[in-house]
Amino acid sequence: MKLKTKYYDIVDIDEKSILDFKEGLPGFEDYKKYVLLGEDQDEVVFKWLQSVEKPDLAFVVINPFCIKKDYEFKLEDSVIKALGIGRAEDVKVYSIVVVPEDVSKISVNLKAPVIINNKNNKGMQVILDREDYSVRHYILELLQSQKRWETEGVRKASDF
């Protein structure tokens, strides 16, 4: 299937890779279908959660465990049931990244991770009931210290 995207023009996607967010994402409840672009590229830290229904809607996401090694949370039973999660190995976790004009203020939302069940392609953004995670966890220093940050990546991310 051909998909018009915000940053990659038109890409071919496998319809089996379309993720279903039954409730949409907070603030974007009308858009339920997404694909994860860049998922097959392990060397790329940032991925794109691209809307299938609205070409100009895409979110930069990152595996939060790359940012915070001790990141942890427990999913509520209602989330596990809604996503049909049977095993932890079937779940991928991403956090939405915000890249403002001042790239030194790049942040990640650890308070509301995006949970995806790879077995059935169901997804949901979950708001955690934890005070130690914020919606703006600044990450530039962390990325630089972990040597995962490339100047070229910053330029591409700041072109949003």
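Everything below is about the structure printed above this text.
Residues numbered from 1 in each chain as written. Predicted model: local features only at pLDDT ≥ 70, side-chain atom pairs only at ≥ 80, totals over all residues. Heavy atoms only, no water.

**Some words on the side chain of S107**
Point 1. In this fold, S107 is placed in strand 8 (residues 107–108).
Point 2. Excluding its chain neighbours within four sequence positions, the residues that come into contact with S107 are I96, V97, V98, R136, H137, Y138 and I139. (Helix = DSSP H or I, 4+ residues; strand = E, 2+ residues; numbered from the N terminus. Contact = heavy atoms within 4.5 Å.)

**Description of unusual backbone geometry**
Point 1. Here the phi dihedral of D9 falls at roughly 60°; this positive angle occurs in a residue that is not glycine.
Point 2. With respect to the element layout, D9 can be found in the loop between strand 1 (2–4) and strand 2 (10–12).
Point 3. Non-glycine residue N121 carries a positive phi angle of around 60°.
Point 4. Following the sequence through the fold, N121 ends up in the loop between strand 9 (114–117) and strand 10 (122–125).
Point 5. Judged by relative accessible area, which is 16%, N121 ranks as buried. (Buried < 20%, exposed > 50% of the residue type's maximum accessible area, 1.4 Å probe, protein only.)

**Remarks on the pattern of salt bridges**
Point 1. Scanning all chains against the criterion turns up 8 salt bridges.
Point 2. Residue D12 pairs with K2 through a salt bridge whose shortest N-O separation is 3.0 Å. Of this pair, D12 sits in strand 2 while K2 sits in strand 1, placing them 10 residues apart in sequence.
Point 3. Between D132 and R130 there is a salt bridge whose closest N-O contact spans 2.6 Å.
Point 4. Through salt bridges with shared partners, a single network forms among R87, E89 and D90. (Salt bridge = Lys/Arg side-chain N within 4 Å of Asp/Glu carboxyl O.)

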